[in-house]
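Each chain is listed here by its residues.
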Amino acid sequence: MIERLRHYGDILRASLWLVPALMGMTAVAIAIGLLTLGTGIPDSMAAYWLLYSGKPEVARELLSALLSGMITMTSLVVSITMVVLTLAAGQIGPRLIQNFIRDRVTQVVLGLFLSDILYLLVVLRNIDGSDDGGVPHLAVSAGTMLTVLCLFTLLFYVHKLARSIIYDTVVSSVASDLRRTVQRLLPEKDAVPPRPAPCDEAAWIELGRDGYVQTVDLDALVETARRADAVVRLEVRPGHFVIAAGRHVAVHPAEACSADVRERVCAAFIIGSERTPSQDLEYGIHQLVEIATRALSPGLNDIFTALAVIDNLSASLGHIFGRGLEPSVLCDQDGAVRVVRTVADRRGIIGAAFDQIRQAGAAHPAVLIRLLDAIGRVAPCATSADIREPLLAQMDMIREAGRNSAVGRDADAIEQRWRQARAGLVDGAGPEPSPRRQRTD
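These numbers were taken from a predicted model, which means no experiment stands behind them.

Calculation notes
- Residues numbered from 1 in each chain as written.
- Predicted model: local features only at pLDDT ≥ 70, side-chain atom pairs only at ≥ 80, totals over all residues.
- Heavy atoms only, no water.
- Pairing = 2+ DSSP bridges.
- Helix = DSSP H or I, 4+ residues; strand = E, 2+ residues; numbered from the N terminus.
- Contact = heavy atoms within 4.5 Å.
- Axes fitted to C-alpha atoms, helices over the stretch in contact; angles between N-to-C directions.
- pLDDT = per-residue confidence, 0-100.
- Salt bridge = Lys/Arg side-chain N within 4 Å of Asp/Glu carboxyl O.
- Buried < 20%, exposed > 50% of the residue type's maximum accessible area, 1.4 Å probe, protein only.
- Phe/Tyr/Trp six-rings, centres within 6.5 Å; stacked < 30°, edge-to-face > 60°.
- Lys NZ or Arg CZ within 6 Å of the ring centre and 35° of its normal.
- Expected span 1.5 Å × (residues − 1).
- Arc of directions from axis to C-beta.
- Core = buried A, V, L, I, M, F, W, Y, C linked by side-chain atoms within 4.5 Å.
- Polar contact = N/O pair within 3.5 Å; in protein donor to acceptor, adjacent residues only side chain to side chain.

### With respect to the sheet that holds strand 6 (residues 269-272)
Strand order across the open sheet formed by 3 strands is 4-2-6, with antiparallel pairing between neighbours. Here the strands that pair on one side only, and so sit at the sheet edges, are strand 4 (241-242) and strand 6. With 2 bridges joining them, strand 2 (residues 211-216) and strand 4 adopt antiparallel strand pairing. Residue pairing across strands places Tyr-212 opposite Phe-241, the latter belonging to strand 4. Sitting on the sheet, helix 1 (residues 2-13) is in contact with strand 2 and strand 6, with an inclination near 125° to strand 2.

Below is the structure:
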């Protein structure tokens, strides 16, 4: 249930309407509150020059002018935002649009402009243009100050948008989101999973829908398996694409897979048309890789952006290697194994980080050199064989790509970086426990 709520919370956070809607309703409530205070200015506040003290017809003209200007300025803000989103979709990647929409500053700025318009509308319709009508001086004064605030906010927003389409800013933002996902999903240390009992024939459950697995309610699956006295084995995980008729979940023993169990298991999965970062560890890695591969495309040929991505990927891998893997076996309160699932392993994470960049940058010695430098930087974090072996394999493939494309000093530089990175991995490797002795213990 917690993961499901977090998933829906991420959807709301990525919506561009929620924060402006809440701020708009707040502005309407404030306007109604100030209007209920009545007309006139309290004697204790009459000396303040910021407070409006004119006649009703002047107040209507003032609010009408402010409202007309705010509508024009809001149209400008929306137009600028759409232009930036279009540029981001074309150059950085359409899947990164969510990062711009999720930005809280953008949502608050749009909400502030909408709030000012709604506030001015509510106050304006309650002012009588005749001299006999009262003037809500506090409400008119608040509307004026809110409009002035929007003017200064517009300058800040233009500055914010200008910086948001800088590649280094985008890369840093995506890398920060990836580190937060790592801290949320990965435990501090590897846990020794209990050994699941041998399973007999299983009954397979199909999820019945095409799309990407976005979230899995693991607590619900554990409870479902406990009630049925069964073991549930997941063949898919968040980030995987599934088809409706595939074999996705196995229930052991087969006779425990009742209609109720099938319904509960399917209800634990949220499947959508796109990947989400809720439980997908590789989501942020793929976003960074997409930026790099687009930068290395012939249409852009932006080597420096790819180098910035590689640097941030090395930092993210350092955080991942410093923590454990997600538990692949889940138990109930009595310690009985209930759920066995596939998780992202370190070999797959390393491949997701380096494979496509190495392939796209095979003809660019600068990219190959920086990839080897990145592996050398994370070498101190490679404390186990399941990290060192895929890193060494990546180094050999990078070296081979350099031999096919680089000549002269470039080839010598790649060879030198390969030796340095290999020395860091091999020399820094601690003694591995003997597999035979481990089985004997």
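Resuming the write-up.
### Points about the confidence of the model for the protein
Looking at the protein as a whole, the pLDDT averages 88, with 91% of positions reaching at least 70. Contacts of residues 430-441 to residues separated by more than four positions or lying in other chains number 5 contacts, the stretch itself having pLDDT below 50.

### Topic: the sheet that holds strand 5 (residues 249-252)
What links the strands of a sheet is backbone hydrogen bonding, and the strands pair in either a parallel or an antiparallel sense. Within the open sheet, the 5 strands sit side by side as 1-5-3-8-7. Their pairing is mixed. Lying at the two open borders of the sheet, with one neighbouring strand each, are strand 1 (203-205) and strand 7 (329-331). Between one strand axis and the next, the sheet turns by 20° as a mean value, whatever way the strands run. The pairing of strand 7 with strand 8 (residues 337-341) spans 3 bridges and is antiparallel.

### Brief notes about the pattern of salt bridges
In this structure the tally under the stated criterion is 20 salt bridges. Among the ionic pairs, Glu-290 bridges to Arg-294, the shortest N-O distance being 3.8 Å. Of the two residues, Glu-290 and Arg-294 both sit in helix 10 (residues 283-295), 4 residues apart, roughly one turn of that helix. Taking relative accessible area as the criterion, Glu-290 reaches 11% and is therefore assigned buried.

### Quick notes on the environment of Ala-421
Inspection of the secondary structure puts Ala-421 in helix 15 (residues 409-427). Overall, Ala-421 belongs to the buried group, its relative accessible area being 1%. Distance in space between the C-alpha atoms of Ala-421 and Lys-160 is 39 Å, their sequence separation being 261 residues.

### Concerning the packing of aromatic side chains
All chains considered together, the criterion is met by 1 aromatic pair. Here Tyr-212 and Phe-241 contribute two aromatic rings whose centre-to-centre distance is 5.1 Å and whose plane-to-plane angle is 75°, an arrangement assigned as edge-to-face. With Tyr-212 in strand 2 and Phe-241 in strand 4, the pair connects residues that are 29 residues apart, well separated along the chain. For Tyr-212, a relative accessible area of 28% translates into the label partly exposed. Residue Phe-241 is classed as exposed on the basis of its relative accessible area of 51%. Directly above the aromatic system of Trp-418 lies the positively charged group of Arg-399, at a separation of 3.7 Å from the ring centroid.

### Topic: helix 1
Spanning 12 residues, helix 1 covers 16 Å between terminal C-alpha atoms, matching the ideal 16 Å at 1.5 Å per step. Among all positions in helix 1, only Arg-4, His-7 and Asp-10 are buried. Viewed end-on, helix 1 has its buried residues packed into an arc of 120°, placing them on one side of the element. Exposed residues pointing more than 90 degrees away from the buried face of helix 1 are listed as Ile-2 and Leu-5.

### Things to note about the nonpolar core
Core analysis: the biggest nonpolar cluster contains 61 residues, and Ile-285, Ile-291, Phe-354, Ile-357 and Leu-391 have the highest contact counts within it. When residues in this core are grouped by element, the largest group, 9 residues, is from helix 11 (residues 303-321). Setting aside anything within four residues of it in sequence, one finds Leu-391 in contact with Phe-321, Ile-350, Phe-354, Ile-375, Val-378, Ala-382 and Leu-425. In this structure, Leu-34, Val-77, Ile-117 and Leu-154 belong to the second largest nonpolar core, which totals 31 residues.

### Some thoughts on the environment of Arg-226
Along the chain, the position of Arg-226 falls in helix 8 (residues 218-228). Residue classification places Arg-226 among the partly exposed positions, given a relative accessible area of 38%. Sequence spacing of Arg-226 and Ala-336 is 110 residues, and the spatial spacing of their C-alpha atoms is 8.5 Å. Those residues in contact with Arg-226 that sit more than four places away from it in its chain are Asp-332 and Arg-338. Within the structure, Arg-226 has its side chain in polar contact with the side chain of Glu-223 (distance 2.6 Å).

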